[in-house]
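Secondary and tertiary structure notes
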Amino acid sequence: MLELVSLTKKFGSFTAVDNLSLNVDAGTIFGFLGPNGAGKTTTIKMIATLLKPTSGSVRIDGVDAHVSPEEAKRYLSYVPDQPFLYEKLSGKEFLLFVANVYRLSVEETKKGIGECSADFELTPWLDKRIEDYSQGMRQRLILAAAMMHSPRLVVIDEPMVGLDPKGAETFKTRIRTAARNGTAVFLTTHQLSLAWEVCTRVGIIRSGKLVYDGAMSEISADGVGELEKKYLELTS
Amino acid sequence: MFLQLMKTKVRLLYLEGGERVSRHLYRSLFSLATFIVFWFLTFTVVRFATQYLLTQAKIGLFLYHRLLALALFVFFTIISVANILVAFATVFRNSEAEFLNTLPIKSVEIFAVKFFDSFLYSSSLMMILVLAAISGYASYFGNWLSAGIGLLVAVLPLILAAASIGGIVLLILLKTSRKLSIRTAVGAVLTLYAGSTYLYVKLNNPFTLFTAVMKYYPHIDRYLGVLDPKLDYLAPSFWSANYFYFSTTGNMIGAVASALIVCTAGIGLFLIMLKLASLFYQETFWTARHKLFERRVGSRHSGRRRSARETFRPMTLLKRDLLLFIREPSQIFHFSVLILLIGIFLFNLSAMRIYLADPFIMSSAFALIFAFNGFLVLSLAIRFVYPMLSLEGETIWLLRSSPINLGKVACTRLMPAIVLLSSIGLTLGYAAPSPFGHFHGLIPSSVIYGLACGIIFPSIVMAFGGAFVNYKEVNPVRASSSHGATVALLVSLGVLVILSSIVFSGTYRYFLSRGIIPVDLSGIWIWGVVAVFCVLIARAFSLLALKIDL
């Protein structure tokens, strides 16, 4: 579903992402881990077509994201670490806007808004303006908007920002369900416990290079402690 | 999809506008009053100037409309340049543009929506100015209907053409910046604008044209197109002015033809811009993002980042502001351009000589130079002082939660601006009397006027920056073109008009006595009182802004 082929991004003489290649298949929850400044956000921004790679390519369901960005983005949902929301719109209006952009039918829109707002416990807040939402509510809204159109690939940068324990649990359940239905999930997080709980595969990046790529069961068969140990070993 | 996006944007504009009125009633009423006063001032000035030129100076309808063409050309250039600056911030470096670019929307549609956003942002003041000027024009000639139609078919397309040229230049600039360095590309654009403005003004020198037109006296109301330089035909502003000439003289065929040319230019340039956007926007968006990230990554890896604790003392705040200023290319670039313009103006001023005997015209000329000096100081203040408080942005909590006197913080915002701008005002004030040759007695008063401008304008602008503070606006260009900045500009222009008339009356007697009676400085204390009052108001509003509920 997601294919990164020799992806490289240079800023002047500095190489932020260095010859990164990986595949994320449908139904996989891929945890992209690494210390600050390792190149995670740059990689994600290239996947979301916000940055163009210096060399290499990003393919989403076989479509080159930088050759046919509009087509590639039809299959993609991107949740940035600092999402943009129209403050003056209500939650429902924002979801309707996103549904229109993804050209959902009236039925699909109704169903999508109903299900996602129920899943993320947004229903009582839907008619309120986004400016009145708390940080956690905003995060739930943006996650609901991302899941509403059943994307083939979801890319999430730090999904747990501002979520309370219940919201976090809802997120995990929703993401697992989406993966079971064939969605590929690419997420970055600094919370190794989250990665251990939800990810089926994990990649570790350091100084722009992928230093590990394998199944979660391989790297931390005995629990999150082992993942943490391995992570520190590979990134220090 | 474009219509869907526009529908959302219009709804947002409506919601934001409505809320602005309901939440900040006094602020909105004040803004409305300012707009009305500004509208009335412009209306009166245009009507008076038209009356003076046609009945006192008797320059004739043809020359009058050529002066109008010159004014429209300046207006056209200002809109075009303003649109380049604001469009860069709105279309390329804006969180909404980033959001829209992650959605499956055609890049040209994103460009078009954000272009209108930037167009409304950068041209709203100009539209008020035009509306007021056209009303003044129509009230003199009594041709409300044709002037009203002119607004739609000769002025709006002109504004669209100017903004579209700005958009085209911006796209080409970013497109070429991959191959050329950004400095070279910007230098080329600046040279292009400066060159075309110089060429236009040189070809249409009002004094030369005046002499040429007067050869046809008394038939100076006739269309003397033979005197027009052929290059003028390329400027849409020329056809816009022609529309007004023909409609006023009752030549409807000429008016329709001129309007058609302006409309074709406006729509044509807009379509060319959209075509270029469909070809280049995605790529130029990536280029702009790349350059933004390059800077961020560059500063991260050169160890330039400072710890948050560094910002806790007023002197450290100054240091921080200076570092942030010089590391933001748009800030340092715009500042350099404005300083360069002031340098050019000073150079021209020292080379200029005014040999007129009429004391009325002499004092008018001096008051005009003063007004222009004041406008330069005011432009700097609007662009750089107005956004200062808003730019505290999302780190305002840092100041609010730290053991620091917010009054001192307000002063560290205001004082450096006053010191810098009053130095510039002083220099301009010193240079202002040079075109008047031997009238050295003008220098002390002129220096004092310049100094006062350097204190009064940054203070007024800072006060409005505090009253309309928006900590969510992180872009200095957008902040300085916001609604609050427009109101600050209008109020300051009103003050500038009052100050200019005081300067006029102060120097009139001096010129009347041929420099024997010194300039009347007895009212100088009023300037001092006004300056001190403005500083106190600025401090109070800055403090209010810093203490606002977050």
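1. Considerations on the confidence of the model for chain B
- Of all residues in chain B, 93% attain a pLDDT of 70 or more, and the chain-wide mean is 84.
- pLDDT under 50 marks residues 303–312 of chain B. Its contacts with residues more than four places away, or in other chains, come to 18 contacts.

2. Observations concerning the environment of Glu115 of chain A
Residue and element names in this part refer to chain A.
- Tracing the chain through its elements places Glu115 in helix H4 (residues 106–119).
- A residue is classified by how much of its surface remains accessible, and Glu115, at 39% relative accessible area, is partly exposed.
- Separated by 61 residues in the primary sequence, Glu115 and Thr54 place their C-alpha atoms 40 Å from one another.

3. Some remarks on the interface of chain B and chain A
- The partner chain A presents 32 residues to the 32 residues of chain B that form the contact.
- At the boundary of chain B with chain A, the tally comes to one salt bridge.
- Linking Glu98 of chain B and Lys45 of chain A is a salt bridge whose minimum nitrogen-to-oxygen distance equals 3.3 Å.
- Here chain B and chain A share five residue pairs in polar contact (both at pLDDT 80 or more) between them.
- Elements represented by at least two residues in the side of chain B that touches chain A include exactly helix H1 (2–23), helix H4 (95–100) and helix H10 (252–301) of chain B.

4. Things to note about the sheet that holds strand E6 (residues 76–79) of chain A
Residue and element names in this part refer to chain A.
- Taken together, six strands build an open sheet; the order of strands is E6-E7-E8-E3-E9-E10 and the sheet is mixed. Of all the strands in the sheet, just E6 and strand E10 (209–215) have a single pairing partner and so form its edges. On average, each strand axis in the sheet is tilted by 15 degrees relative to the strand beside it, whichever way the strands run.
- The pairing of strand E7 (residues 153–157) with strand E8 (residues 184–188) spans five bridges and is parallel. Its bridge partner being in E8, Ile156 is matched across the sheet by Leu187.

5. Remarks on the packing of aromatic side chains
Residue and element names in this part refer to chain B.
- In this structure the tally under the stated criterion is 48 aromatic pairs over all chains.
- Here the aromatic rings of Phe366 and Phe436 are separated by 5.8 Å at their centres, their planes lie at 70 degrees, and the arrangement is edge-to-face. Pair noted here: Phe366 is in helix H13 (residues 359–385) and Phe436 is in the loop between helix H16 (406–431) and helix H17 (442–467), with a separation of 70 residues, a long-range link.
- With relative accessibility at 2%, the residue Phe436 sits in the buried group.

6. Digging into the nonpolar core
- Counting residues in hydrophobic clusters, the biggest one holds 169 residues, and the most contacted among them are Phe94 and Phe186 of chain A.
- Counting residues per element, this core draws most heavily on helix H6 (residues 144–176) of chain B, at 16 residues.
- Leave out the neighbours within four places in its chain, and Phe186 of chain A touches Leu2, Leu22, Val24, Phe30, Phe32, Ile44, Ile47, Leu153, Val154, Val155 and Ile156 of chain A.
- Within the second largest apolar cluster, 77 residues are counted, among which are Phe325, Ala452, Met462 and Leu493 of chain B.

7. Observations concerning the sheet that holds strand E2 (residues 14–24) of chain A
Residue and element names in this part refer to chain A.
- Strand order in the open sheet formed by four strands is E2-E1-E4-E5, with antiparallel pairing between adjacent strands. Both edges of this open sheet fall to E2 and strand E5 (63–64), since each of them pairs with a single strand only.
- Pairing of strand E1 (residues 2–11) with strand E4 (residues 55–60) involves five bridges; the strand directions are antiparallel. When the bridges of E4 are listed, Val5 appears paired with Ser57.

8. So, the pairing of E4 of chain A
All names here are of chain A.
- Taken together, the two bridges between E4 and E5 define a ladder with antiparallel strand orientation. By the bridge assignment, Ile60 is partnered in E5 with Val63.
- The loop that links E4 with its antiparallel partner E5 comprises two residues; one of these, Asp61, has a positive phi angle of about 50 degrees.

9. Points about the environment of Leu231 of chain B
Residues and elements named next belong to chain B.
- Its place among the elements puts Leu231 in the loop between helix H8 (206–214) and helix H9 (236–249).
- By relative accessible area, Leu231 is classed as partly exposed at 46%.
- Along the sequence, Leu231 and Ser330 sit 99 residues apart, while their C-alpha atoms lie 33 Å from each other.

10. Side note on the environment of Thr264 of chain B
- Relative to the elements of secondary structure, Thr264 of chain B occurs in helix H10.
- With 107 residues separating them in the primary sequence, Thr264 of chain B and Pro157 of chain B have C-alpha atoms 8.2 Å apart.

11. Some words on the pattern of salt bridges
- On inspection of all chains with the given rule, the structure shows 21 salt bridges over all chains.
- In this structure, Asp119 of chain A and Arg174 of chain A form a salt bridge, with 2.5 Å as the shortest nitrogen-oxygen distance. Residue Asp119 of chain A is located in helix H4, and its partner Arg174 of chain A is located in helix H6 (residues 165–180); the two are separated by 55 residues in the primary sequence.
- For Asp119 of chain A, a relative accessible area of 32% translates into the label partly exposed.
- Taking the relative accessible area as the measure of exposure, Arg174 of chain A reaches 15% and is therefore buried.
- Salt-bridge contacts for Arg413 of chain B lead to Glu392 of chain B; the nearest nitrogen and oxygen are separated by 2.1 Å. In this pair, Arg413 of chain B sits in helix H16 while Glu392 of chain B sits in the loop between helix H14 (387–390) and helix H15 (396–400), placing the two residues 21 residues apart along the sequence.
- A relative accessible area of 1% means that Arg413 of chain B is categorised as buried.

12. A look at the packing of helix H5 (residues 135–147) of chain A against H6 of chain A
All names here are of chain A.
- Their axes nearest at 12 Å, the elements H5 and H6 cross at an angle of 10 degrees. In terms of axis orientation, H5 runs roughly parallel to H6. Contacts between H5 and H6 involve Arg140, Leu143 and Met147 from the first element and Gly167, Phe171, Arg174, Ile175 and Ala178 from the second.
- A class-by-class count of the residues in the contact of H5 with H6 yields five nonpolar, one polar and two charged.

13. Considering a nonpolar patch on the surface
Residue and element names in this part refer to chain B.
- Residues Phe48, Tyr52, Phe360, Ile361, Tyr508 and Leu512 make up a contiguous nonpolar surface patch of about 550 Å² in total accessible area.
- For the nonpolar patch, the elements supplying multiple residues, two or more each, are helix H2 (25–56), H13 and helix H19 (483–512).
- Exposure remark for Tyr508: the relative accessible area of 30% places this residue in the partly exposed category.

14. Focus: helix H20 (residues 524–546) of chain B
Residues and elements named next belong to chain B.
- Here H20 contains 23 residues, and its C-alpha end-to-end distance of 33 Å stays within 8% of the 33 Å for a straight helix at 1.5 Å per residue.
- All buried positions along H20 are accounted for by Trp527, Ala531, Cys534, Val535, Ala538, Ser542, Leu543, Ala545 and Leu546.
- Tucked inside the fold, the buried residues of H20 contact H13, H14, H15, H16, H17 and H19.

Definitions and limits used
- Residues numbered from 1 in each chain as written.
- Chains lettered and ligands numbered in written order.
- Predicted model: local features only at pLDDT ≥ 70, side-chain atom pairs only at ≥ 80, totals over all residues.
- Heavy atoms only, no water.
- pLDDT = per-residue confidence, 0-100.
- Contact = heavy atoms within 4.5 Å.
- Helix = DSSP H or I, 4+ residues; strand = E, 2+ residues; numbered from the N terminus.
- Buried < 20%, exposed > 50% of the residue type's maximum accessible area, 1.4 Å probe, protein only.
- Salt bridge = Lys/Arg side-chain N within 4 Å of Asp/Glu carboxyl O.
- Polar contact = N/O pair within 3.5 Å; in protein donor to acceptor, adjacent residues only side chain to side chain.
- Pairing = 2+ DSSP bridges.
- Axes fitted to C-alpha atoms, helices over the stretch in contact; angles between N-to-C directions.
- Phe/Tyr/Trp six-rings, centres within 6.5 Å; stacked < 30°, edge-to-face > 60°.
- Core = buried A, V, L, I, M, F, W, Y, C linked by side-chain atoms within 4.5 Å.
- Parallel < 35°, antiparallel > 145°, perpendicular 65-115°, else oblique.
- Nonpolar A, V, L, I, M, F, W, Y, C, P; charged D, E, K, R; others polar.
- Patch = residues over 30% accessible without salt bridge, like charges linked within 9 Å, V, L, I, M, F, W, Y side chains within 5 Å.
- Areas by Shrake-Rupley, 256 points an atom, 1.4 Å probe, with all protein chains shown as cover.
- Expected span 1.5 Å × (residues − 1).

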